[in-house]
Amino acid sequence: MGRLVTAITGTLVGAIASLLGVGGSVMTVPLMRRRGASMLQASAMASPLSLPIAISGSLTYILAAPNAKTLEGGYVGFVDLRALVVQAFGSFIGIRLASLWAKEIPDYIYAKVYVLLLIIVFLVMALVH
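Described below are features of the structure shown in this document. As the structure is a computational prediction, the values presented were derived from the model and not from experiment. (Residues numbered from 1 in each chain as written. Predicted model: local features only at pLDDT ≥ 70, side-chain atom pairs only at ≥ 80, totals over all residues. Heavy atoms only, no water.)

## Remarks on the layout of surface pockets
- Empty space within the largest pocket amounts to approximately 2,300 Å³.
- Forming the boundary of the largest pocket are 50 residues, of which Gly-23, Ser-25, Ser-50, Gln-87 and Ser-91 lie nearest the centre.
- The element best represented in the lining of the largest pocket is helix H3 (residues 39-64), accounting for 14 residues.
- Among the residues making up the lining of the largest pocket, the classes are represented as 34 nonpolar, 14 polar and 2 charged.
- Here the second largest pocket is characterised by a volume of approximately 220 Å³.
- Residue lining of the second largest pocket: Met-1, Thr-6, Thr-9, Gly-10, Val-13, Gly-14, Thr-28, Leu-31, Met-32, Leu-49, Pro-52 and Ile-53, and that is the complete set.
- Only helix H1 (3-20), helix H2 (25-34) and H3 provide two or more residues apiece to the lining of the second largest pocket.
- The biggest single contributor to the lining of the second largest pocket is H1, with 5 residues. (1 Å grid on protein atoms, 1.4 Å probe; cavity = no way out; pocket = protein on both sides within 12 Å on 5 of 7 lines; lining within 4 Å. Points joined across faces, edges and corners; volume = space filled by probe spheres on them. Helix = DSSP H or I, 4+ residues; strand = E, 2+ residues; numbered from the N terminus. Nonpolar A, V, L, I, M, F, W, Y, C, P; charged D, E, K, R; others polar.)

This is the structure:
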């Protein structure tokens, strides 16, 4: 993709991911797969791409809340600090495990498991509202 298309795509992915509260990898991994990347390459690139989306989205939700400066109930704005810590810790564990054995998983299985997990998340979100 050219620079302009890349910039527009990145901006749209970031905006949609922040709006929905999902990591950018939900959209960037399929895009990179279509561009010929393996699941290992796409996953490896999606992790650092998700960081700026997470930071900007979190700051927006902190500042958008009427009580943004309070720590009442463990929240800063709309962000639950306890959940943030637990998810960050889980991410570090997941990254460590992935670095040990992700390269051993065949690409077609990796891709199918990724899609299966997205479907499970979608179903849980659709059924619990």
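## Overview of the pattern of salt bridges
- A complete count under the given rule lists 2 salt bridges for this structure.
- Where Asp-107 meets Arg-33, a salt bridge forms, and the shortest distance between an N and an O atom there is 2.8 Å. In this pair, Asp-107 is assigned in helix H5 (residues 107-127) and Arg-33 in helix H2, connecting sequence segments 74 residues apart.
- Judged by relative accessible area, which is 28%, Arg-33 ranks as partly exposed.
- Of the charged contacts, one joins Arg-82 and Asp-80 as a salt bridge, the two residues approaching to 3.2 Å between their closest N and O atoms. (Salt bridge = Lys/Arg side-chain N within 4 Å of Asp/Glu carboxyl O. Buried < 20%, exposed > 50% of the residue type's maximum accessible area, 1.4 Å probe, protein only.)

## With respect to H1
- Between its first and last C-alpha atoms H1 spans 26 Å; for 18 residues at 1.5 Å apiece the expected length is 26 Å, and the two agree.
- Turning to H1, its buried residues are Val-13, Gly-14, Ala-17 and Ser-18. Buried residues in H1, looked at end-on, bunch into an arc of 120°, giving them a common side. Facing away from the buried side of H1 by more than 90 degrees, the exposed set consists of Leu-4, Thr-11, Leu-19 and Leu-20.
- At the exit of H1 stands Gly-21, carrying a positive phi of roughly 75°. (Expected span 1.5 Å × (residues − 1). Arc of directions from axis to C-beta.)

## As for the nonpolar core
- Membership of the largest hydrophobic core is limited to 10 residues, which are Val-29, Met-32, Ala-37, Met-39, Ala-42, Ala-46, Ala-102, Tyr-110, Ala-111 and Tyr-114.
- Mapped by element, the contributors of at least two residues to this core are H2, H3 and H5.
- Not counting residues within four places of it along the chain, the set of residues in contact with Ala-42 comprises Val-29, Met-32 and Ala-37. (Core = buried A, V, L, I, M, F, W, Y, C linked by side-chain atoms within 4.5 Å. Contact = heavy atoms within 4.5 Å.)

## Things to note about the packing of H3 against H5
- At a minimum axis distance of 9 Å, the contact between H3 and H5 shows a crossing angle of 50°. For the element pair H3 / H5, the angle class is oblique. Taking contact as the criterion, the partners of Met-39, Leu-40 and Ser-43 in H3 are, on H5, Asp-107, Tyr-110, Ala-111 and Tyr-114.
- Its residues assigned to classes, the contact of H3 with H5 shows 5 nonpolar, 1 polar and 1 charged. (Axes fitted to C-alpha atoms, helices over the stretch in contact; angles between N-to-C directions. Parallel < 35°, antiparallel > 145°, perpendicular 65-115°, else oblique.)

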